[in-house]
Amino acid sequence: MPGAYAGFTHFTDYMALEGLLTDEERMVREAAREFVNAEVLPIIEGHAQGQTFPSALIPKMGELGFFGPTLPEKYGCAGLSSVAYGLLMYELERGDSGLRSFASVQGSLVMYPIFTYGSEAQKDHWLPKLASGQAIGCFGLTEPDFGSNPGGMLTRAERIGGGKWRINGTKMWITNGTVADVAVVWARTEEGIRGFLVEKGTKGFSAPEMHGKWSLRASNTAELVLEDVIVEEDASLLPGAKGLKGPLGCLTQARYGIAWGVLGAADACYQCALDYSKSRIQFGKPIGAFQLQQEKLAWMVTELTKSQLLALQLGRLKDQDKATPAQVSMAKMNNVNASLEITRRARTILGANGILDDYPVMRHMANLESVYTYEGTHDIHTLIVGQEVTGLAAYE
Ligand code: TGC
Ligand code: FAD
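Quick notes on the rules
- Residues numbered from 1 in each chain as written.
- Chains lettered and ligands numbered in written order.
- Predicted model: local features only at pLDDT ≥ 70, side-chain atom pairs only at ≥ 80, totals over all residues.
- Heavy atoms only, no water.
- Near = heavy atom within 4 Å.
- Polar contact = N/O pair within 3.5 Å; in protein donor to acceptor, adjacent residues only side chain to side chain.
- Areas by Shrake-Rupley, 256 points an atom, 1.4 Å probe, with all protein chains shown as cover.
- Helix = DSSP H or I, 4+ residues; strand = E, 2+ residues; numbered from the N terminus.
- Nonpolar A, V, L, I, M, F, W, Y, C, P; charged D, E, K, R; others polar.
- Phe/Tyr/Trp six-rings, centres within 6.5 Å; stacked < 30°, edge-to-face > 60°.
- Buried < 20%, exposed > 50% of the residue type's maximum accessible area, 1.4 Å probe, protein only.
- Lys NZ or Arg CZ within 6 Å of the ring centre and 35° of its normal.
- Contact = heavy atoms within 4.5 Å.
- Domains from an automatic or database assignment.

Student: Looking at this structure, how should I read the site of ligand 1?
Tutor: The immediate surroundings of ligand 1 are formed by 25 residues, with S148, T252, R255, E375 and G376 found nearest. Measuring from a nitrogen atom of ligand 1, one finds a backbone N or O atom of S148 at 2.9 Å. At a separation of 2.8 Å, an oxygen atom of ligand 1 approaches a polar backbone atom of E375. Within the complex, 71% of the 1,100 Å² of free accessible area of ligand 1 lies under protein. Contributions of two or more residues to the shell around ligand 1 are made by α5 (97–117) and α8 (245–279). With six residues, α8 is the single largest residue contributor to the shell around ligand 1. Of the residues contributing to the shell around ligand 1, the split by class is 12 nonpolar, nine polar and four charged.

Below, the structure written as structure tokens:
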């Protein structure tokens, strides 16, 4: 039966991180864990195989406060710490990267820009609906010819008088695009890059789904096509976002959540491989007794533990408003890479069973190939850290 393996019951805690968490942070993690165990694990392999997002879970996720949880209660959010948010992402991605991506986009890439750059009227209109999951959002930055270099974007918006703007362009690889009620669309204008809220159903706006992914199969990915889309300035233009730092500021929030989230996928695979190594007998012994397999397991738990400590310290800095974008890049780069390598080693320990959907390993491994690329590729984050330490930008 697909997904029959449900061995993950706890957070791998080799360096006693538990003692560094607050009661609230532990409670958030427990609530998310219960949700994932009860609602996600039993259905997720079916959704991944069928290439569908488990949309029936959205209202429950809203009810549990999973969307934009660090934003203020005034807007229906939970006002949690960044570390609590990180632990929530860890648990969601232990379920599936598609589920964590949904929450990342909704919270960090849609609610965050509306909260940070939006007018009071835009915040009052959208934030409570997005927090409850009544409305879904997406974030359109990447274009067919501009991925790592969004500053080159071709999507264009122009004022046409009467308090209106006209937008033309195409975005690609947009998570939640087809199902979104509102898209945050970044476009070049005479005043530099600006952000616009474009509602589903607006004339000239469509979001065809992209098909054929071998990764993040339980996630909706779309193109956004804007053909002479006319929007009202008051409702649509984000007044506080000017220049590329507008969208890049949102990415810093999402990359932080990813640095925690991927560890949930890695932890699930580590625990699965550890269990398997104790019960699978070859040459008369559990395979976990062979030195080659122990080397893999020791490497996996060491990398997982180092990555947890990096994420936790980054979260503490973020809560003091001291985390820099380059520190976030280091955590995204390191933790995604470590997690992907952990899932690959787990796959080998399971032998042929490693490719079956009876176990979560291959699904997580394939998902992390996308996470390695999105939100800034591993290479781009390497160059951001390289620039930070040398003072020399390699991508200019
Ligand atoms: P550069 O000149 O370096 O910067 C332009 C302005 O932005 C500021 N800035 C940032 N601000 C906040 N956070 C950051 N991370 C920032 N990085 C830069 C910077 O200080 C500057 O401000 P100012 O005041 O001087 O104007 O820009 P550049 O064009 O040289 O580009 C730098 C580079 C390559 C690092 C950047 O373009 C980049 O990060 N590229 C990667 C693109 C990317 O990550 N795309 C992600 C798309 S969204 C997505 O993948 C969602 S996946 C969703 C999911 O399912 O979870
Ligand atoms: P490219 O930029 O073409 O890069 C190709 C290769 O060249 C990479 O290895 C890269 O590291 C390397 N490279 C590029 N520039 C340099 C350089 N200067 N030096 C060295 N190497 C370099 N985008 C959104 O806007 N919203 C979303 O919701 C969203 N969701 C996504 C969901 C999925 C499943 C995926 C796969 C992508 C998503 N993206 C989204 C797009 C994602 O952000 C881009 O794919 C990513 O930024 C990389 O762009 P690219 O794919 O065009 O690769």
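Student: Sorry, what's going on with the packing of aromatic side chains here?
Tutor: By the definition in use, this model includes 12 aromatic pairs. Geometrically, the ring pair formed by Y117 and W186 is edge-to-face, given 6.5 Å between the ring centres and 90° between the ring planes. Residue Y117 is found in helix α5, and its partner W186 is found in strand β4 (residues 182–189); the two are separated by 69 residues along the sequence. Assigned by exposure class, Y117 and W186 land together as buried. Their ring planes at 85° and their centres at 6.5 Å tell us that F283 and F290 sit as a pair that is edge-to-face. An aromatic cluster of at least three residues, connected via ring pairs, comprises Y112, Y117, F139 and W186. One residue, R29, lies across the ring of F11, its end atom 5.1 Å from the ring centre.

Student: Please clarify how the environment of Q282 should be interpreted in this entry.
Tutor: On the secondary structure map, Q282 appears in strand β8 (residues 281–282). Judged by its relative accessible area of 34%, Q282 is partly exposed. Excluding anything up to four places from it in sequence, Q282 contacts I287 and F290.

Student: So what exactly am I meant to see when it comes to the site of ligand 2 here?
Tutor: Taken together, 17 residues lie around ligand 2, and T142, S148, W173, T377 and D379 are the ones closest in. At 2.9 Å, a backbone N or O of F139 approaches a nitrogen atom of ligand 2. Backbone polar atom of W173 to a nitrogen atom of ligand 2: 2.7 Å apart, as the coordinates give it. In isolation ligand 2 offers 980 Å² of accessible surface; the protein chains occlude 67% of this area. At the level of secondary structure, the elements contributing two or more residues to the shell around ligand 2 comprise β3 (164–175), α11 (361–373) and α12 (378–390). Ranked by the residues each element gives to the shell around ligand 2, the list is headed by β3, at three residues. Here the residues of the shell around ligand 2 sort into eight nonpolar, seven polar and two charged. Counting only domains with at least three residues in the shell around ligand 2, you end up with domain 2 (137–242) and domain 3 (246–390).

Student: Would you explain the side chain of D96 in this entry?
Tutor: Inspection of the secondary structure puts D96 in the loop between α4 (82–95) and α5. Since its relative accessible area comes to 1%, D96 is described here as buried. With near-sequence residues (within four places) excluded, D96 lies in contact with I44, A218, R363, H364 and N367.

Student: Please explain unusual backbone geometry as it appears in this structure.
Tutor: Residues apart from glycine generally show negative phi values, whereas peptide bonds are mostly found in trans. For N176, which is not glycine, the phi torsion reads 70° and is therefore positive. Examined against the element boundaries, N176 turns out to sit in the loop between β3 and β4. On the accessibility criterion, N176 (2% relative accessible area) is buried. Here the phi dihedral of L216 falls at roughly 50°; this positive angle occurs in a residue that is not glycine. Relative to the assigned elements, L216 resides in the loop between β6 (205–206) and β7 (221–232).

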